[in-house]
Amino acid sequence: MSEVETVLSCESARAMVSRKVFVEAFGCQMNFLDGELAVSRLSEHGWARTADPEDADLILFNTCSIRDQSENRVWSRLGALRPRKERDPGLLIGIMGCMAQRDAESILRRMPHVDLVCGTRRFHEMHTLVERAETEGQVIAIETDGFVDIVRDVRVRPQRHRAYVSVMRGCDHKCSYCIVPTTRGVQTDRPFEDVVDEVRRLAEDGVREVTFLGQNINTYGRYLPGRPTLGDAIRAVDQIDGIDRIRFLTSNPMDIRDELLEAMAETPSAAGYLHFPAQHGHSDVLRRMFRGYSRERYLEVCAKAREVCPGIELATDLIVGFPGETEAEFEATRSLMEEVRFKQIYVFKYSPRPGTAAAEQYVDDVSDQTKRERKNELLALQDSISVERNQALVGTQIRVLVDGPSPRNAARLSGRAEGQHMVILDGSPDLAGEFVNVHVERATAAALYGVLVPETGA
Ligand code: SAH
Ligand code: F3S
């Protein structure tokens, strides 16, 4: 056999033996989806997914830079892989996502056993990057130019009846604390037809609920010809057979327009749920955060959303311990929560991110202990609000998309209501992926418990 033939037969043997990739995403839903898109590309080139890192030929971490803590978690996971790589030099280790984009050189310096560092805009080339890492040694792919091709094989996805759909990338805002515009770049919108086409393909493959993803999703379409809006996308996708629930994440309150709320109100499958991070309850802090709205404006948007979409559930992110946050300013966040009574809150301790305006201009002067106390205080307050709000639903009937066996008790089922309530019920595992009506009998802060209401056949 000639040398060329030997190379070819090795190549084809390699393509035929399915190698295994283990992916773990840290951070936000967008990271989670990008990891899936990378797996989709790899699967077109002979790779199969494994849920067991010990069994993997390639371990991919999709990293997050939003807080120091998110990065530390990845550093320690990478460190822990060092002995395994020594034992098994054929193992490939790849880092993708925001930390990879921001810190490629230092990742390779601190962790020389890493083979591949792929930023936030090159994951669609994952199969070629892996090949290059095998033949050329360490690869860095963090270029920010060019088109991010996110068309995917919709069959490669972790959940059968729910799916995320990326509609835009990056963010044009410059909130003073936020690293996202640095790691993910400016806003680029995905063509409208591509979004609708992907949802159609997902629906044909059994998906019932889609969640559009974008960092500032309510400005979707501003760079597209004809300037379609998120509302237009919701209306278009509502027409697709099989899609019964549409969600989207996340919206900067500054950019919420009545047109979006009206589209939600008019569209039967648009879930009555709006995640639009307030970040803080005090206008002075919001100003220091460069958020572009005041407490009063935020409350106006909440009132408008509830007027246009009766029954809508509101959710928020909140940051505690932003530089200079006084006790009185913190109290304003508490009172905002009491006034709005959110369905859900996500609380973060402020973490200075290198290069952001807040890190450069302000001293991180709230101690970690105070940040922790403030965070716990808000979580406890939300718990009491959630108990009350959930108990008000006892005796009512709600529509639930069943996920499957409950993670806490596999003998029962769990699912989600339109407003993102977790619902626990008894029923056959065959109901996974089905919409059912549930009579709520009991409620805690975390979940609603109920029984199936038989369909009347109407
Ligand atoms: N696109 C979203 C935010 C994305 S980042 C928006 O419109 O606001 C996700 C969340 O992480 C933010 O909402 C914020 O609450 C939190 N976050 C971002 N940077 C942070 C930092 N430096 N320290 C602590 N929390 C931060
Ligand atoms: Fe970050 Fe603000 Fe954009 S929080 S993602 S810069 S809207």
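Located above this text is the structure these notes cover.
What you see is a predicted model; the values in this text were computed from it and never measured. (Residues numbered from 1 in each chain as written. Chains lettered and ligands numbered in written order. Predicted model: local features only at pLDDT ≥ 70, side-chain atom pairs only at ≥ 80, totals over all residues. Heavy atoms only, no water.)

Caption draft 1: Inspection of empty space enclosed by the protein at higher detail. Inspection of every chain in the model, using the stated rule, returns 3 cavities of 30 Å³ or more. For the largest cavity, the calculated volume is near 50 Å³. What lines the largest cavity is simply M30, S166, M168, R169, G170, R184, G214 and Q215. Taken together, the residues of the lining of the largest cavity break down into 2 nonpolar, 4 polar and 2 charged. The computed volume of the second largest cavity comes to approximately 40 Å³. What lines the second largest cavity is simply T120, R121, R169, G170 and R184. Taken together, the residues that form the lining of the second largest cavity break down as no nonpolar, 2 polar and 3 charged. (1 Å grid on protein atoms, 1.4 Å probe; cavity = no way out; pocket = protein on both sides within 12 Å on 5 of 7 lines; lining within 4 Å. Points joined across faces, edges and corners; volume = space filled by probe spheres on them. Nonpolar A, V, L, I, M, F, W, Y, C, P; charged D, E, K, R; others polar.)

Caption draft 2: Seen up close, helix α2 (residues 29-43). With 15 residues, α2 ought to run about 21 Å at 1.5 Å a step, and its terminal C-alpha atoms sit 21 Å apart, in line with that. Turning to α2, its buried residues are M30, N31, L33, D34, G35, E36, L37, A38, V39, S40, R41 and L42. (Helix = DSSP H or I, 4+ residues; strand = E, 2+ residues; numbered from the N terminus. Expected span 1.5 Å × (residues − 1). Buried < 20%, exposed > 50% of the residue type's maximum accessible area, 1.4 Å probe, protein only.)

Caption draft 3: Molecular detail of the sheet that holds strand β10 (residues 209-213). The parallel open sheet is built from 3 strands, whose spatial order is β7-β10-β11. The open sheet is flanked by β7 (162-166) and β11 (245-249), the only strands paired with a single partner. Within this sheet the neighbouring strands show an average axis-to-axis angle of 25 degrees, counted without direction. Summarising the sheet, β7 and β10 pair through 5 bridges and their orientation is parallel. Considered in β10, the bridge of A163 is made with V210. Along the sheet, helix α8 (residues 192-204) contacts β7 and β10; its crossing angle with β7, the most-contacted strand, is approximately 165 degrees. (Pairing = 2+ DSSP bridges. Axes fitted to C-alpha atoms, helices over the stretch in contact; angles between N-to-C directions. Contact = heavy atoms within 4.5 Å.)

Read these as layout, nothing more, since geometry by itself doesn't imply function.
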